[in-house]
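So the chains spell out like this:
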Amino acid sequence: MSSENLPQTPEQQGRKPRVAVVFGGRSSEHAISVVTAGAVLRSIDRSKYEVLPIGITTDGRWALTADEPSRMAIADRKLPSVDDLADSEDGAVVLSVDPANREVVYTEPGAVPKALGEVDVVFPVLHGPYGEDGTLQGLLELAGIPYVGSGVLASAVGQDKDYMKRVFTSFGLNVGPYLTVRPREWTRDADAARGRILDFAEEHGWPLFIKPARAGSSIGITKVDDVSGLDEAVREAQRHDPKIIVEALLRGREIECGVLEFEDGPRASAPAEIPPVSSHDFYDFEAKYIDSASGIVPAPLTPEQTAEVRRLAVEAFEAASCEGLVRADFFLTEDGTFVINEINTMPGFTPISMYPRMWQESGVEYQELVDLLIQAALRRPTGLR
């Protein structure tokens, strides 16, 4: 493409950069994405940026929504939804996939399409499949629109716990014992697949954690204490993803660390600790978002342990070729070893989320954090890099 066909910068057009905050989506983490979007919309500096909220409904329609963060919070244990926020039941936002044209158009049946203006950067706050997993990132690459966060490969790796662990292992990072059961295995011979899990339990002991391989926010996870609960746990995980992962219990402390991309490269935040939650078996969805269980920031670690987990968090960021931001989750085992559990390439940004809290402890307030992410995205080209 010749330079004269490239979109003009906002400065060349005499306007502020326009940020499209895209949220919601088709995954089981839809509601948490909406809550995250509310926090981001509330904090974007409107003196520096124009903002366009775009919600994706649970059936995948891109909808125009009002810029009303107050309607995007969890209220009285009720989860918000794009379907309730959309301006119209059938209107749709259309994004051009022509890199020379970043204009967004709004269409409604029987009406003339309405141009909403060019988008300079997308802040995708989708969690889970169909948004955090490289699918949306691929669309934005085709459209030539910069976006916050990791690219296609890193997003896909960060969503799939199976391949994530394979990547970490290949880079020498410690991962805990795990087993992957693919959908074909369970469909073709459930007894054989069940037998593999039981062999794993015999080797590593009960309890086991049965998880969807490509979901987050602790959705669909079951702690299984013996064989009697195994099949139900598998069914629950498969409600969210036909591919499941089985993990052995790691005894130790849960430690998290944020990574943020600065102009001179990625840096790690102060770490946090997730203490045991007495009312929950583990740090599940309700503990995180409904009952507001809170982590300890900074984590009570020795200076040597803090330095080590920060180093490992950046190593995980680099190993998966991440960009923008990552939250890296570890176990500090009883023998003093850090074992990486997973990374989140678009961690929660809710007011109680650990990622912004860790960076606040590190001297980066929420509004500055949002601004740094947008600026990093604007600096970074789309395409191969």
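Thresholds, definitions, all that
Residues numbered from 1 in each chain as written. Predicted model: local features only at pLDDT ≥ 70, side-chain atom pairs only at ≥ 80, totals over all residues. Heavy atoms only, no water. Pairing = 2+ DSSP bridges. Helix = DSSP H or I, 4+ residues; strand = E, 2+ residues; numbered from the N terminus. Axes fitted to C-alpha atoms, helices over the stretch in contact; angles between N-to-C directions. Contact = heavy atoms within 4.5 Å. Core = buried A, V, L, I, M, F, W, Y, C linked by side-chain atoms within 4.5 Å. Buried < 20%, exposed > 50% of the residue type's maximum accessible area, 1.4 Å probe, protein only. Expected span 1.5 Å × (residues − 1). Salt bridge = Lys/Arg side-chain N within 4 Å of Asp/Glu carboxyl O.

S.K.: Could you give an account of the sheet that holds strand E4 (residues 92–95), naming the residues involved and the relevant values?
M.R.: Within a sheet, adjacent strands bond to each other through the backbone by hydrogen bonds, running parallel or antiparallel. Spatial ordering of the open sheet is given by E4-E5-E6, a layout of three strands whose pairing is antiparallel. Edge positions in the sheet fall to E4 and strand E6 (114–118), since each of these pairs with one other strand and no more. Strand-to-strand twist in this sheet, taken as the mean axis angle between neighbours without regard to direction, amounts to 25°. The pairing of E4 with strand E5 (residues 103–107) spans four bridges and is antiparallel. Directly across from Ala92, in E5, lies its bridge partner Thr107.

S.K.: Can you break down the sheet that holds strand E8 (residues 178–181) residue by residue, with the values?
M.R.: The strand order across the open sheet built from four strands is E8-E11-E9-E10, with neighbouring strands paired in antiparallel fashion. The strands lining the two open edges of the sheet, one partner per strand, are E8 and strand E10 (222–224). Going across the sheet, the axis of each strand differs from the next one's by a mean of 25°, ignoring polarity. When strand E9 (residues 208–212) meets strand E11 (residues 244–248), the two strands line up antiparallel, connected through five bridges. Residue pairing in the sheet places Pro212 in a bridge with Ile244 of E11. Where helix H7 (residues 190–204) meets the sheet, its contacts fall on E8, E9 and E11, and the angle it forms with E8 comes to roughly 175°. Sitting on the sheet, helix H8 (residues 230–238) touches E9, E10 and E11, and the angle it makes with E9 is about 25°.

S.K.: Can you tell me about the nonpolar core, naming the residues and giving the values?
M.R.: Counting residues in each nonpolar core, the largest one holds 34 residues, and the members touching the most others are Val21, Phe23, Val40, Ile44, Phe123, Phe349 and Ile374. Of all elements in the fold, only strand E1 (18–24), helix H1 (30–43), helix H2 (82–85), strand E7 (121–124), strand E12 (252–262), helix H11 (354–361) and helix H12 (366–379) reach the threshold of two or more residues within this core. By residue number, the principal contributor to this core is H12, which donates six residues. With near-sequence residues (within four places) excluded, Phe123 lies in contact with Val19, Ala20, Val21, Val22, Val40, Val148, Val370, Leu373 and Ile374. One finds Ala154, Phe168, Val259 and Phe338 within the second-largest nonpolar core, a separate group that totals 28 residues.

S.K.: Which residues make up H1, and what values do they have?
M.R.: With 14 residues, H1 should reach 20 Å at 1.5 Å per residue; the first-to-last C-alpha distance of 20 Å fits that figure. Burial analysis of H1 places 13 of its 14 residues in the buried class, the great majority of the element.

S.K.: Can you tell me about the pattern of salt bridges, naming the residues and giving the values?
M.R.: Counted according to the given criterion, the structure contains 30 salt bridges. The shortest N-O distance in the salt bridge between Asp191 and Arg194 comes to 2.7 Å. Of this pair, Asp191 and Arg194 both sit in helix H7, three residues apart, which is roughly one turn of that helix. Judged by its relative accessible area of 59%, Asp191 is exposed. Residues participating in the shared-partner salt-bridge network are Glu141, Glu261, Glu323, Arg380 and Arg385.

S.K.: Tell me what's going on with the pairing of E6, and back it up with residues and numbers.
M.R.: By the bridge criterion, four bridges tie E5 to E6 in an arrangement that is antiparallel. Paired with Val105 across the strands is Ala115, a residue of E6. What sits between the antiparallel neighbours E5 and E6 is a turn of six residues, in which Gly110 has the positive phi angle 80°.

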